[in-house]
Amino acid sequence: MTLLQTRNLTKSFGGLVAVDTVEIEVEENELVSVIGPNGAGKSTLINLITGMLTPTDGDVLYRDTNLAGKDPYEITQLGIGRSFQTASIFPELTVQDNVDVASFAAEQGSFTVNFLRRRDRYDSVRQRTADALELVDLEDEADVPAASLPYGDKRRLEVAIGLATDPDLLFMDEPTAGMSPAETEMTTNLIERMQTERGMTIVLVEHDMDIVFDVSDKILVLHRGEIIADGTPDEIRNDETVRSAYLGGEEI
Amino acid sequence: MSEETAQQLTDTDAAILSWETWDRVKHTERFAIVAAVVFVALWSWLFARAPITSELGGYHSLATTILIWSVFAIGFNLLLGQTGLLSFGHAMFWGGGGYAAALVSLHVYGDPVLMLVVGTTFTLLLAALTGVIALRLHAVYFAIITLAMGQLLYYLATSPLRPITGGRNGLTGIQLEPIFGLVYLGMPLPGIFGTLWVNYEYLLVATVFVLVIAFVNRIRKSPYGLIFRAIRENEQRVSFVGLNVWRYKFAAFLMSGGIVGLGGSLMTIESQFAGLGSLYWITSGEVVIMTVLGGVGTLFGPVLGAVIFLYFEGVVDGFPIVGRYWLLMLATVFTAIVWKYPDGLWGMLKLIASRIRSSVEDNP
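Residues numbered from 1 in each chain as written. Chains lettered and ligands numbered in written order. Predicted model: local features only at pLDDT ≥ 70, side-chain atom pairs only at ≥ 80, totals over all residues. Heavy atoms only, no water.

Condition: UniProt positions are given in the numbering used here, feature names are shortened, and annotations may be inferred rather than shown by experiment.
The name given to chain B in an unreviewed UniProt entry is Branched-chain amino acid ABC transporter permease, with the source organism recorded as Natrarchaeobius chitinivorans. UniProt, in the comment section headed Subcellular location (unreviewed entry), describes chain B in these words: "Cell membrane".

If you look chain A up in an unreviewed UniProt entry, it shows as Probable branched-chain amino acid transport ATP-binding protein LivG from Natrarchaeobius chitinivorans. According to its UniProt record, chain A has this under Sequence similarities (unreviewed entry): "Belongs to the ABC transporter superfamily." What UniProt states about chain A under its Function (unreviewed entry) heading is, verbatim, "Probable component of a branched-chain amino-acid transport system."

## Comments concerning the domain arrangement of chain A
How big an interface is tends to be expressed through the accessible area that disappears when the partners come together. All names here are of chain A. Test applied: Boundaries of every domain are those given by an automatic assignment or by a domain database. Only heavy atoms matter for contacts: two residues are in contact if any of them lie within 4.5 Å across the pair. When two components associate, each loses some accessible surface as probed by a 1.4 Å sphere; the sum of these losses over both components is called the buried area. We define a salt bridge as a side-chain nitrogen of Lys or Arg found within 4 Å of a carboxyl oxygen belonging to Asp or Glu. Counting of polar contacts relies on pairs of N or O atoms within 3.5 Å, with two restrictions inside protein: one atom must be capable of donating a hydrogen and the other of accepting it, and residues adjacent in sequence are counted only when both atoms are side-chain atoms. The numbering of helices and of strands both runs from the N terminus, where a helix is a DSSP run of H or I of at least 4 residues and a strand a run of E of at least 2. For this classification, the nonpolar set comprises Ala, Val, Leu, Ile, Met, Phe, Trp, Tyr, Cys and Pro, the charged set comprises Asp, Glu, Lys and Arg, and every other residue, Gly included, is treated as polar.
What the domain assignment reports for chain A is domain 1 (1-73 + 167-252) and domain 2 (80-166). Distance between the C-alpha centres of domain 1 and domain 2: 25 Å. The partner domain 2 presents 21 residues to the 27 residues of domain 1 that form the contact. With both sides pooled, the region where domain 1 packs onto domain 2 buries about 2100 Å², and carbon together with sulfur makes up 61% of that total. A salt bridge links Glu183 to Arg156, with the shortest nitrogen-to-oxygen separation between them at 3.8 Å. Joining domain 1 to domain 2, the criterion identifies 9 residue pairs in polar contact (both at pLDDT 80 or more). Listing elements by their share of the side of domain 1 that touches domain 2, those giving two or more residues are α1 (42-50), β8 (169-173) and α6 (181-196). Residue composition of the side of domain 1 that touches domain 2, grouped by class: 17 nonpolar, 4 polar and 6 charged.

## Digging into the interface of chain B and chain A
With 29 residues of chain B at the contact, the number on the chain A side is 38 residues. A combined buried area of about 3000 Å² lies between chain B and chain A, and 62% of that area is made up of carbon and sulfur atoms. On the chain B side of the interface with chain A, the three residues burying the most area are B:Leu226, B:Arg237 and B:Phe240, jointly 25% of the side's total. Counting the contacts that link chain B with chain A gives 4 salt bridges. The shortest N-O distance in the salt bridge between B:Arg237 and A:Glu158 comes to 3.0 Å. Scanning the region where chain B abuts chain A turns up 18 residue pairs in polar contact (both at pLDDT 80 or more).

## Concerning the pattern of salt bridges
For clarity, the threshold we go by: Note on exposure labels: buried denotes an accessible area under 20% of the residue type's maximum, exposed denotes more than 50%, and partly exposed covers the range between, all computed with a 1.4 Å probe on protein chains only.
The full count for this structure, using the stated rule, is 22 salt bridges over all chains. With its nearest N and O atoms 3.1 Å apart, the salt bridge here joins B:Glu29 to A:Arg118. Remark: A:Arg118 occurs in the loop between α3 (95-108) and α4 (123-135) and B:Glu29 occurs in helix α2 (residues 29-48); the pair is interchain, linking two chains. A:Arg118 matches B:Glu29 in its accessibility class, with the two residues each being buried. Residues B:Asp23 and B:Arg357 are paired through a salt bridge, measuring 3.0 Å at the closest nitrogen-oxygen approach.

## Quick look at the side chain of A:Arg82
Residues and elements named next belong to chain A. Stated precisely, the cut-off is as follows: Positive residues here are Lys and Arg, negative ones are Asp and Glu, while His and the chain termini are left out of the count.
Residue placement: Arg82 occurs in strand β7 (residues 80-83). Put simply, Arg82 is tucked away with no salt bridge, and the nearest opposite charge, on Asp173, sits 4.1 Å away. A polar contact of 3.1 Å, which involves the side chain of Arg82, links it to the side chain of Thr50.

## Regarding the sheet that holds strand β4 (residues 31-35) of chain A
Residues and elements named next belong to chain A. For the record, the criterion: Strand pairing is assigned whenever DSSP identifies at least 2 bridges connecting the two strands. All axes here are fitted lines through C-alpha atoms, helices being fitted over the stretch that makes contact, and every angle between N-to-C directions spans 0 to 180 degrees.
Reading across from one edge, β7-β8-β9-β4-β10-β11 is the order of the 6 strands in this open sheet, with mixed pairing throughout. Strands with a single pairing partner mark the edges of an open sheet, and in this sheet they are β7 and β11 (226-231). Taken pair by pair, the neighbouring strands of this sheet meet at an average axis angle of 20°, ignoring direction. Direction of pairing for strand β10 (residues 218-223) relative to β11: antiparallel, over a ladder of 5 bridges. From the neighbouring strand, Val221 faces β11, where its bridge partner is Ala229. The strands that α6 touches are β4, β8 and β9 (201-205); relative to β9, the one it contacts most, it runs at about 150°.

## Quick notes on the pairing of β4(A)
Residues and elements named next belong to chain A. Taken across its 5 residues, β4 has 5 buried, putting it largely inside the fold. Burial along β4 is two-sided: the residues Leu31, Ser33 and Ile35 and Val32 and Val34 are all buried. Note that β4 and β9 share 4 bridges and pair parallel. Bridge pairing in β9 links Ser33 to Leu204. Where β4 and β10 come together, 4 bridges link them in parallel fashion. By the bridge assignment, Val32 is partnered in β10 with Lys218.

## A look at the confidence of the model for chain A
Where we set the bar: Every residue carries a pLDDT, the predictor's confidence in it, which falls somewhere between 0 and 100.
Of all residues in chain A, 97% have pLDDT values of 70 or greater, and the mean over the chain is 91. Mean pLDDT across the elements of chain A bottoms out in helix α9 (residues 240-245) of chain A (78) and peaks in α3(A) (97).

Okay, here's the thing in structure tokens:
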């Protein structure tokens, strides 16, 4: 079943067309990677789908709902999560509080009148946070201020925040950038577990080709705002257009 | 020898145990409320009548005024300290609540509780109206538009609305009726209660103060407290976890405005007067100074800021020779404190306390 579909999706900044009539389809429980050289429009594409940017033209359909023009919080509440390229966390809050923010959003919706209720009375929120922290292996750092974590841990915290929002579809923007080889491996395993154990659908933007060709079911190649290839890792590996346009004719 | 070492060990253990108990207790909700009750119970006496401390020149009505301004600063801090929104127009809620309370007492009835309810309700409406517009803007633009709105209200009260507000003369002749028809606020309290709290008016102000502390403390411990701080830290991320940032900011603005309006109404009861000064932008600036001086984002910091500010204004002002330089001295103190301790006086006290504590723990 198709979970996400874009039709004719276009974004231009002044004269520059960053995303040009892109049409993609993401099936349920699929792991799709988006690759392309710097400036190809990968981040713009994610920003259009998750509501950070409004499309100039075209539609984004998620389970028959048109996302174009919706606010990020509405899109997140529909079940689309994202983790950011830079560690987008709450530096002065503890690790646990960082994830709690997302857990509250998942448990109680985008706005609730509960300012007279103590937050330590929400067992389901605490459980959700504990689960997310355990998945990224940060449960021992729960009481540490996020600002004092090493960079790789901050990125994992960022992923935990994305997970706690309980998404069906998760966009991950370069999740392994700045991570050590051990952390990269852990993250790759985590991504595969989220797909297999939790049935999540994942869209990955990644520069590390080893990871991309290792974990993806499908790869989309963006070049100058357009999709130039779309297929399984094997198909992409042998695609002449991709080689000449993106990989400069190199073997991969 | 070995006995001595054992003895030392147990002592250290006991000390660590008691620190742990203290750490647990001081973060409980009840502790903050008990601390507030003890504070207001002793405050007027310590400030104005106790044998040694009152030599510093405090007097009872200033003690009351300080509590009322503390309510103002606590309400303001809910917006600045918790949510990270700097309003430069909070005088509109302080003065707005004050005028509304004065008007209801002049034209309807002067029950202090009715004045508080009307003042606060009017301010909530005013905050809803101004919040819808101001919260569309960010950072410095938010500060400027709140300043502009506050000044707009000030000019409205000065001239076009003079028939209602009394223009430059303000509203005088406010008659307070007995609270709930039972007792006049000016009536002295008997015996020890009179020594501690003087009259019923102080009891009313102290009660409101404690209720505001309890309310803000509860908000801080609710999901809102966490979400407000998250918005202060990284607003974009909050919307991308699925929370409606605008509504939470609006809620913070309403709560802050309502508390400030409650304080403004109390001020009208205390002074039996509502004047233009309460709406003026300098008033908005004074509450910023109090809050930053005391400690942004802390529960009791703004109270400390209000104490220092009003002490300089009300007491140091009257000192021979140096008195006329009170504002200069206050500015110097402010600059020094904020430069050295960005978390204000409260942050400074916490730091000193933790230094003493770690030296105690290192040398038992």
